[in-house]
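Residue-level structural notes
Spelled out from the first residue to the last, the chains are:
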Amino acid sequence: MDLNQLVKGKDGDKEFLLGNEATVRGAIEAGVSIAATYPGTPTSEIGNIFSVLAKDAGIFFEFSINEKVAMEVGASSSASGLKTLVFMKHVGLNVASDSFMSAVYTGTPGGMVVLVADEPSMFSSQNEQDTRNYARLANCPVLEPSNPQEIKDMMKYGYELSREFSIPVIIRTTTRVSHMRGVVEFEDISDEEVFENSNNNNQHLQRDSSPVHWKKGFFKKNKQQFVPVPQNAGIMHEKLIAKMIDINKVSNSSKLNTVFEFNNSGNKRKLGLIAGGSAFNYAYDVINGDNLEMDILKLGFTYPFPKNLVLDFVKDLDGIIVVEEVDPIVEKEILVILGEAGLNIPVYGKINGTFPMPYEYNCNIVRDSINKIINENGNDLDNSKELELNKDLTNLKNNLPDRLPTLCAGCSHRATYFGVRRAMDEMGIANEDLIFSSDIGCYTLGISPPYETTDYLLSMGASIGDACGFSAGTNQYIVSFIGDSTFFHGGIPQLINGVHNKHRFVVTVLDNRTTGMTGGQPHPGLPVDGMGDFAPEISIEKIAKASECEFVETINPMLLKQTVDTYKRALKHDGVAVIIAKHPCTLIKGLKRKKPMTINQDKCNNCKICIDKLACPAISVVNEKVIIDHLVCKGCAVCVQVCDERAIVGKKN
Amino acid sequence: MLNKENSYNIYICGVGGQGIIKTSVIIGEAAMNEGYEVILSEIHGMSQRGGVVSTELKLGGYKSSVIEKNNADIILAFEPIEAVRALDKANEDTKIVFNTSPIIPSTLNQFNQNYPDVKEIVSNLNENFNFVYPVEAEKLAIEAGSLLALNMVLLGATVAHEGFPISKEAIIKAMKNNLNSKFHEMNLDAIEKGYNSVID
């Protein structure tokens, strides 16, 4: 598909879109003016697309320094009358939550959608928290799409709802919805103006040196609405509660909550199933495919919980099946409804053990779980036949080599890790006497042998905060690793904390000049912004020096001797030492390709240091000989410096 | 077990960087243009650092994008051991199309593991399945002009199979809509080479 179709596409056009692409089309159709994010799987593609299309779509887009700032950008520009979109992965909302809680109090008159993608099964995340809990914590409405078409449609509806009630709206997706591709039918693009109250007040304020490509709003002052100091906040909370009661009337009659009838007219035990999001898809395919006589209530507008509508669905049932991923939230809501109504109907979900608590579902899990309920009644579902492989193939399958993600050939993190390990050896520091506190990024892959440079991990930026605690709490050496983007995101207060509170540790900023793990987005340390324009480049070295670090050195980690020497001095430093290991990520486009390396087999003594200690994917052992795959090798020459026999040399043509 | 008319499940797997997602999008778009209800599941992120990548394409009015156990009509593996790793999706009638050139995992030495013999993989698969199609995709891609055309060779080989619901013409049209026009000729050649390797 040509991405430009997301801007140019007309009413009735159909495209095969990724959920994240449908998000962008939804934003464009709704007339969004401002979009902000910090990249995180599984939402990263949304930002990547905005960074290409924002100008053509009349949208201001930024990669914010972190999710909290993105939330603030969205909230305040919405307070200025604009439709705004903030999007992030589930754990991003933890970072943004402080301002999010207040934005629900102040309201968002222009309209704001907060799209949050949860990650059941944690494909690229540190936990599987459930964003629907935040909706309850903050008092914020939630829509849950099941596929790309619904994402687009709910984006549009989300802005209607948000503007009508002046409240942020969460769109909760999961990986399987954000990364599902399906046919999406377009509608026309809104030509609606900014929120009426803030319109037409801008004429006398043309302060931009050149006209910008997006609409501007106007912030109309109102302390009672926008300043939650104690005397205002109480009133705001009361208003919010009243708002949510009104919105509950909307959710109770919403078309997003619909019943799929499956011929539930027999005179046996009457079961009904309730599901939303991705879980609905699995449940639907099982009930439809297995011809089960069981109606499904699909919930799309899930908070404020549509109590009346759900009560209507369940009141004549003999059993209620709840299919939801991550936490048993709908299940608890239903138990409350049954309690209030004095109904005694069994509820089959996670709480009573019918469905598994952790990890994402699929049709097989849902079928097996429903089987347990139907078995109570003596009926068994016809399950698909297992395929029996013969002994040889079973053996082969059970002993397949793992294929785990690894640091790329030519990745500078590998050189840094090798360097710090060698410095430890030369200083006689035992592995157990040095703690590696790591952070969120490609470099977390250092957890694997032979590097094993990840001993402790909490969250974005925490490697430095954790180092403060280890410094206060132990006498061990401490080396923390944090990426450049992650340093900006959440490492700066921690660094200042470390210096001010006189802790002692070594911080390594792995400055690979991009946000690597999520696919190469810019960050404040680069001279380019989210829309591809020039931007001031913020120096990590200057931040460290301004934070009164006495040891700040920038190195090229690929020069091993220097790397080892710098770590040795840093580990002796009494205080916070900052090493900035600066070398561009090998995946950055347009980098000059260097000549690959090769092994002089006459000199190689098969010591395998390059294999055992460096573990570069380009180097392997074939027929008892160490070889370098010239297609994989990036010519970084770190292996040349590792080889004591000088057996590794540049490949001649 | 879903027994639906027009249902066709395609499981595609291999190693990050082989063009698996692009290939899947091309098939999906072609299916859409031929009037099928189609959905595709992709996994991005961590898996792109040399890890396993898989996509699941489902035609025929499904809502869930994940193929059930033993329910793939065809498995297209870009790498031999990845074909074996995917066998939970297979039943005895599943067609197994795979590239015979291994990509050796870089962690083999760290974990003290061995890469199995490809001939052994082929003979084991043949003993268990009725439709096993090893494709020398690397060789054919280089003949077409570049190793980068590997995914189009495998796509061509997939389309050639009896029962594959989407026409070659629709696939070629979708390929042109998704790949740089500079390489259309090479990729077209690659599709044909893959196609003919099965038909001949």
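Calculation notes
Residues numbered from 1 in each chain as written. Chains lettered and ligands numbered in written order. Predicted model: local features only at pLDDT ≥ 70, side-chain atom pairs only at ≥ 80, totals over all residues. Contact = placed C-beta atoms within 7 Å. Helix = DSSP H or I, 4+ residues; strand = E, 2+ residues; numbered from the N terminus. Pairing = 2+ DSSP bridges. Axes fitted to C-alpha atoms, helices over the stretch in contact; angles between N-to-C directions. Domains from an automatic or database assignment. Nonpolar A, V, L, I, M, F, W, Y, C, P; charged D, E, K, R; others polar. Core = buried A, V, L, I, M, F, W, Y, C linked by C-beta atoms within 7 Å. Buried ≥ 20, exposed ≤ 12 C-beta atoms within 10 Å, placed from the backbone. pLDDT = per-residue confidence, 0-100.

1. Some thoughts on the interface of chain B and chain A
With 54 residues of chain B at the contact, the number on the chain A side is 50 residues. Secondary-structure elements contributing two or more residues to the side of chain B that touches chain A are helix H1 (20-33), strand E2 (38-42), helix H2 (80-85), helix H3 (118-128) and helix H6 (168-178) of chain B. Per-element tally for the side of chain B that touches chain A: the top contributor is E2(B), with 5 residues. In terms of strand pairing, strand E8 (residues 180-185) of chain A meets E2(B) through 3 bridges, oriented antiparallel. Following the sheet pairing, A:Met180 is matched in E2(B) by B:Ser41.

2. Looking at the sheet that holds strand E4 (residues 74-77) of chain B
Reading across the sheet, the 8 strands line up as E1(A)-E8(A)-E2(B)-E3(B)-E1(B)-E4(B)-E5(B)-E6(B) and stay open at both edges, with mixed pairing between neighbours. Each having just a single partner strand, strand E1 (14-18) of chain A together with strand E6 (131-135) of chain B make up the two edges of the open sheet. Averaged over all pairs of adjacent strands, the angle between strand axes in this sheet comes to 20 degrees, irrespective of strand direction. Where strand E1 (residues 8-15) of chain B and E4(B) come together, 4 bridges link them in parallel fashion. Counterpart to B:Ile10 in the pairing with E4(B) is B:Ile74. Running at roughly 60 degrees to E8(A), helix H7 (residues 148-165) of chain A makes contact with E1 and E8 of chain A of the sheet.

3. Some details on the domain arrangement of chain A
All names here are of chain A. Along its sequence, chain A is organised into domain 1 (5-189 + 223-249), domain 2 (258-376), domain 3 (412-582) and domain 4 (597-650). Look at where the C-alpha atoms of domain 3 and domain 4 centre, and you get two points 28 Å apart. Counting from both sides, the interface comprises 6 residues of domain 3 and, opposite them, 9 residues of domain 4. Sorting elements by how many residues they give to the side of domain 3 that touches domain 4 places helix H16 (residues 412-427) first, with 3 residues. When the residues that make up the side of domain 3 that touches domain 4 are grouped by side-chain class, the tally is 5 nonpolar, no polar and 1 charged.

4. Brief notes about the nonpolar core
One broad rule of soluble globular proteins: the nonpolar side chains tend to lie buried together. B:Ile75, B:Val153, B:Leu154 and B:Ile171 are the most contacted members of the largest nonpolar core, which totals 145 residues. With 8 residues, H1(B) is the largest single contributor of residues to this core. Core analysis: the second largest hydrophobic core is formed by 69 residues, A:Tyr417, A:Tyr451, A:Ile543 and A:Ala544 among them.

5. Some remarks on the sheet that holds strand E9 (residues 258-260) of chain A
Residues and elements named next belong to chain A. Strands sit in the order E9-E11-E10-E13-E14 across an open sheet of 5 strands; the sheet is mixed. Two strands bound the open sheet, and with one partner strand each, they are E9 and strand E14 (347-348). Looking at chain direction, strand E13 (residues 319-323) and E14 are connected through 2 bridges and run parallel. Bridging across to E14, Ile 320 finds its partner in Val 347. Strands strand E10 (271-276), strand E11 (295-299), E13 and E14 of the sheet are contacted by helix H13 (residues 329-341), whose axis makes an angle of about 150 degrees with E13.

6. Looking at the environment of A:Cys140
Residues and elements named next belong to chain A. Along the chain, Cys 140 turns up in the loop between helix H6 (132-138) and strand E6 (142-143). The class of Cys 140 is buried, set by 23 C-beta atoms lying within 10 Å. For the pair formed by Cys 140 and Phe 100, sequence separation is 40 residues and the distance between their alpha carbons is 9.6 Å. Discounting residues that sit within four places of it in the chain, Cys 140 has contacts with Val 104, Ala 135, Ile 167, Pro 168 and Ile 170.

7. A word on H6(B)
B:Ala170, B:Ile171, B:Ile172, B:Ala174 and B:Met175 are the residues of H6(B) that are buried. Lining the buried residues of H6(B) we find H1, helix H5 (150-159) and helix H7 (184-199) of chain B.

8. Observations concerning the confidence of the model for chain B
Summary statistics for chain B give a mean pLDDT of 92 and a share of 95% for residues scoring 70 or more. Quick note on the complex model: pTM equals 0.96, ipTM equals 0.95.

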